[in-house]
Amino acid sequence: MKVDLSDRIAVITGAGGILASNFSLHMAKSGAKVAVLDIDQASAEATARQVRENGGEAVSIACDVLSRESMQEAERKIVESYGGYNILINAAGGNNVKVSTSSDVYTPEDVKNPEKISFFDLDPILYSRVLNLNLMGTFIPTQVFVKGLMKAENPLIINMSSMTSYTALTRVAAYSNAKAAVNSLTQWLAVHLGPLGIRVNAIAPGFFITKQNKAMMTNPDGTLTPRSQKVIAHTPAGRMGVPDDLIGLLLFLCDTEASGYINGAVIPVDGGFMATPGV
Ligand SMILES: NC(=O)c1ccc[n+]([C@@H]2O[C@H](COP(=O)([O-])OP(=O)(O)OC[C@H]3O[C@@H](n4cnc5c(N)ncnc54)[C@H](O)[C@@H]3O)[C@@H](O)[C@H]2O)c1
């Protein structure tokens, strides 16, 4: 898909990660300047370096989406480098396997087995961290960056939702609750920021093996877990997603001419997973 983003400056959180590093590369290939933000400095810089090696323009900034001060500092650095920005992509997020139950449904044996995580083992502190990372990690950067977006032409925000935001997937309660809240925030922001001309949409990816879900999706030897096999069996496309599967929608949403009337939408890219009744 060819889109001209040469007048675009994109701030991408979680851009040291698997999905958003690929967003950074493709947006830069389409002409955008990219600010690569991640809590992990080395992976942020690795993405920025890759963008530059491919002829694009990028700065990397280590920052924490859960700290308003850290995001304000990042914002200052981006303005210093690029003078402003007109796209925010909130991609920092993810699950934590330590707060995911070992079995799909309540299993009495799991309660007795110290190797398993039962409903009663779900630690409220870890649970809150997953809620915070996905929800507040979307809210806080949005609050900080709207100040610059409101001065820009055709500003837009893209959040990262998930299949589990529509109907909660087994095992991942905290992550499901968090992504449902991201959908709600996406709609709320689309309405609240409407008068500023800022469009707010979300991409809801299907299943992609990345850093944050590797432990649930693959065995230590790299083969797929029974959960992953179940996902594939319920996906009409017959496979997991690969990062490039998201790029068409990403570029479409960034192209005001193509998608300027799309606002407050949460759009699945899931190989048909959501349409499958499972029976
Ligand atoms: N992989 C999937 O199947 C899938 C499906 C649906 C939604 N998503 C969402 O896509 C987004 C990207 O995730 P991914 O799968 O590429 O995972 P990933 O683990 O590869 O990338 C996430 C990145 O976020 C960064 N991060 C974590 N906490 C941070 C913080 N406090 N501040 C700044 N950066 C922080 C991590 O360092 C990491 O580089 C997430 O919001 C995730 O929930 C992923």
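Scroll up for the structure.
These notes cover the structure that comes with them. Residue numbering note: each chain is counted from 1, following its sequence as written. For this predicted model, a pLDDT threshold of at least 70 governs which residues receive local features, and a threshold of 80 or more governs which side-chain atom pairs are given and counted, while totals over whole chains, interfaces and linings are taken from all residues. With hydrogens and water excluded, all non-hydrogen atoms of the structure serve as input to the side-chain values.

By disulfide we mean two sulfur atoms from cysteines, separated by a distance within 2.5 Å. With the rule as written, the count across this model stands at zero disulfides. Take Cys-63: it sits in no disulfide, and the sulfur closest to it among the cysteines is that of Cys-254, at 19 Å.

Attention now goes to the sheet that holds strand S3 (residues 57-62). A pair of strands is labelled paired if DSSP reports no fewer than 2 bridges between them. Helix numbers and strand numbers start at the N terminus; a helix is a DSSP run of H or I with at least 4 residues, a strand a run of E with at least 2. Reading across the sheet, the seven strands line up as S3-S2-S1-S4-S5-S6-S7 and stay open at both edges, with parallel pairing between neighbours. The sheet is open, and its two borders are formed by S3 and strand S7 (266-269), each paired with just one other strand. With direction set aside, neighbouring strand axes in the sheet form an average angle of 20°. One ladder, built from six bridges, connects strand S2 (residues 33-38) with S3; its direction is parallel. Each bridged residue has a counterpart across the sheet, and for Lys-33 the counterpart in S3 is Glu-57. Every axis in this analysis is a line fitted to C-alpha atoms, fitted for helices over the stretch in contact. Angles between the N-to-C directions lie between 0 and 180 degrees.

Taking 1.5 Å as the rise per residue, helix H3 (residues 68-82) with 15 residues should run 21 Å; its terminal C-alpha atoms sit 21 Å apart, in good agreement. Where H3 is concerned, the buried positions are Ser-70, Met-71, Ala-74, Glu-75, Ile-78 and Tyr-82. Buried positions in H3, seen along its axis, are confined to an arc of 140° and lie on one side of it. For H3, the exposed residues set more than 90 degrees away from the buried face come down to Glu-69 and Glu-80. By the convention used here, residues are in contact when the closest approach between their heavy atoms is within 4.5 Å. On its buried face, H3 is in contact with strand S1 (9-13), S2, S3 and helix H5 (124-149). Residue Gly-83 follows H3 closely and has a positive phi angle near 85°. An expected span of 1.5 Å times one less than the residue number is assigned to each helix. Only protein chains enter the accessibility calculation, which uses a 1.4 Å probe; a residue whose area is less than 20% of its type maximum is buried, one above 50% is exposed, and one in between is partly exposed. The directions considered for the arc are those from the helix axis to the C-beta atoms.

The subject of this paragraph is the packing of aromatic side chains. Classification of ring pairs uses Phe, Tyr and Trp, with its six-membered ring standing for Trp, and accepts pairs whose centres are within 6.5 Å; under 30 degrees between planes counts as stacked, over 60 as edge-to-face, and the remaining range as tilted. Following the criterion strictly, the structure yields four aromatic pairs and no others. Taking 5.1 Å as the distance between ring centres and 75° as the angle between the ring planes, the aromatic pair formed by Tyr-85 and Phe-145 counts as edge-to-face. With a gap of 60 residues between them, Tyr-85 in the loop between H3 and strand S4 (87-90) and Phe-145 in helix H5 connect regions that are remote in the sequence. Phe-145 carries the same exposure label as Tyr-85, and that label is buried. With centroids separated by 4.8 Å and ring planes inclined at 65°, the aromatic side chains of Phe-207 and Phe-273 adopt a geometry described as edge-to-face. Pair noted here: Phe-207 is in the loop between strand S6 (199-205) and helix H7 (214-217) and Phe-273 is in the segment after S7, with a separation of 66 residues, a long-range link.

Residues apart from glycine generally show negative phi values, whereas peptide bonds are mostly found in trans. Phi is positive for Asn-154, close to 45°, though the residue is something other than glycine. Within the fold, Asn-154 resides in the loop between H5 and strand S5 (156-160). Here Arg-171, not a glycine, exhibits a phi torsion of approximately 75°, which is positive. Inspection of the secondary structure puts Arg-171 in the loop between S5 and helix H6 (173-192). Relative accessible area serves as the criterion here: at 26%, Arg-171 is assigned to the partly exposed category.

What follows is about the site of the ligand. Throughout this document, a residue counts as near a molecule or strand when at least one of its heavy atoms sits within 4 Å of that molecule or strand. By nearness alone, 29 residues border the ligand, and Asp-38, Asp-64, Tyr-175, Phe-208 and Thr-210 come closest of all. Between the ligand and the protein, one listed contact pairs a nitrogen atom with a side-chain N or O atom of Asp-64 at 2.8 Å. Note that a nitrogen atom of the ligand is positioned 3.0 Å from one of the backbone N or O atoms of Val-65. Protein contacts shield 92% of the accessible area of the ligand, which totals 820 Å² for the unbound molecule. Any N or O atom pair separated by 3.5 Å or less is treated as a polar contact, with the protein-specific requirement of one donor-capable and one acceptor-capable atom, and with residues adjacent in sequence counted only for side-chain atom pairs. All accessibility values rest on the Shrake-Rupley procedure with a 1.4 Å probe; residue burial counts only the protein chains present in the view.

Moving on, we get to the packing of H5 against H6. Helix packing for two helices is described by the angle between their axes and how far apart those axes are. H6 packs onto H5 with a crossing angle of 20° between their chain directions and a minimal axis gap of 7 Å. With respect to their mutual orientation, H5 and H6 come out roughly parallel. Relative to H6, the crossing made by H5 is right-handed. The segment H5 lies against H6, with Tyr-127, Val-130, Leu-131, Asn-134, Leu-135, Thr-138, Phe-139 and Thr-142 engaging Ala-173, Ala-174, Tyr-175, Asn-177, Ala-178, Lys-179, Ala-181, Val-182, Leu-185 and Leu-189. Grouping the amino acids of the contact of H5 with H6 by side-chain chemistry returns 13 nonpolar, four polar and one charged. Under this scheme an angle from 65 to 115 degrees is roughly perpendicular, one under 35 degrees roughly parallel, and one over 145 degrees roughly antiparallel; angles in between are oblique. Left-handed describes a crossing in which the near helix is turned anticlockwise from the far one by less than a right angle; the clockwise case is right-handed. In the scheme used here, Gly and all other residues not listed as nonpolar or charged are polar, with Ala, Val, Leu, Ile, Met, Phe, Trp, Tyr, Cys and Pro taken as nonpolar and Asp, Glu, Lys and Arg as charged.

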